Number of protein chains: 2
Amino acid sequence: MTDRETGNTIDPKFDANGLLTAVVTDAGTGEVLMLAHMNDVALARTLDSGEAHFWSRSRQKLWKKGESSGNVLRVVEARIDCDQDALWLRCEPAGPACHTGARSCFYRRIENGELVRVR
Amino acid sequence: MTDRETGNTIDPKFDANGLLTAVVTDAGTGEVLMLAHMNDVALARTLDSGEAHFWSRSRQKLWKKGESSGNVLRVVEARIDCDQDALWLRCEPAGPACHTGARSCFYRRIENGELVRVR
């Protein structure tokens, strides 16, 4: 195994577009709220401020979650995976995480070839 | 909002490399176990078999999780996100999910600029 896997040094493995993948869960309920991407600046801002920042691939800009909606994500714990290309943020959400107004972006279950609304 | 966001039709939005991102949690504990990618074949095999299949970007091949280690992931529930480019698989893991032998790939917390082993 490599130092990146076993060590205590933060050494993020950004992809060809300079991004990591970040999964956000609700620190209280454990529910997966959303999945988004971070460049080096978004990662630094998240760790410095304690509030989740991402890189919007569609808008090609840095984005603080909740900057317009107010639904910020306060980071309770940040974990990194074995090869340091993914983050798990355990957060306290100030409101719905999804732009549709749903608490989580994952509001549909796949069942018998169809999508079924969970809530 | 679009049909992709509100409808009941599975209409995955594969990225430029033909991939979705999949996050796996332990259906029992809620812990995030791993994050990986799926092409159309991996998605179909996962839904048909009830066991998680992925696309290995490094090896450029289809991969059934646990095919060599035996540590398969039985899918209890599969959810898809608002824009259908990410999946959340709630699974029963047959053993450690991480190739390092850890239960979860996310075995280190970021704390004061360093990584701290969680378990």
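Cut-off values and rules
Residues numbered from 1 in each chain as written. Chains lettered and ligands numbered in written order. Predicted model: local features only at pLDDT ≥ 70, side-chain atom pairs only at ≥ 80, totals over all residues. Heavy atoms only, no water. UniProt positions renumbered as here; feature names shortened; annotations may be inferred. Least-squares fit on C-alpha atoms with pLDDT ≥ 70 in both. Contact = heavy atoms within 4.5 Å. Pairing = 2+ DSSP bridges. Helix = DSSP H or I, 4+ residues; strand = E, 2+ residues; numbered from the N terminus. Axes fitted to C-alpha atoms, helices over the stretch in contact; angles between N-to-C directions.

Naming follows an unreviewed UniProt entry, where chain A appears as Phosphoribosyl-AMP cyclohydrolase of Stakelama marina. Listed in UniProt under the heading Function (unreviewed entry), the comment for chain A reads: "Catalyzes the hydrolysis of the adenine ring of phosphoribosyl-AMP." Taken directly from UniProt, the Subcellular location (unreviewed entry) text for chain A runs: "Cytoplasm".

A closer look at the relation of the copies chain B and chain A
Look at the two chain copies: a rotation about an axis and a shift along it is all it takes to match them. Once chain B is rotated about the relating axis by 180° and shifted along it by 0.0 Å, it coincides with chain A to within an RMSD of 0.0 Å. Given the turn and translation reported, the copies of this chain are related as if by a two-fold rotation axis. Considering only C-alpha atoms, the residue of chain B closest to the rotation axis is Gly30(B), which sits at 2.8 Å. Of the residues that chain B buries at the interface, 100% are likewise interface residues in chain A, meaning the two copies contact each other through the same surface.

Observations regarding the sheet that holds strand β7 (residues 108-111) of chain B
Strand order in this open sheet of six strands is β2(A)-β1(A)-β6(A)-β5(A)-β7(B)-β8(B), and the pairing throughout is mixed. Every other strand in the sheet has two partners, leaving β2 (32-38) of chain A together with β8 (114-117) of chain B as the edge strands with one partner each. Adjacent strand axes in the sheet meet at a mean angle of 35° when their direction is disregarded. Bridge count between strand β1 (residues 20-26) of chain A and β2(A): six bridges; the pairing is antiparallel. Bridge assignment links Thr25(A) to a residue of β2(A), and that residue is Val32(A). Seen against the sheet, helix α2 (residues 40-49) of chain A touches β1, β2, β5 (73-80) and β6 (86-93) of chain A together with β7 of chain B and runs at an angle of roughly 125° to β2(A).

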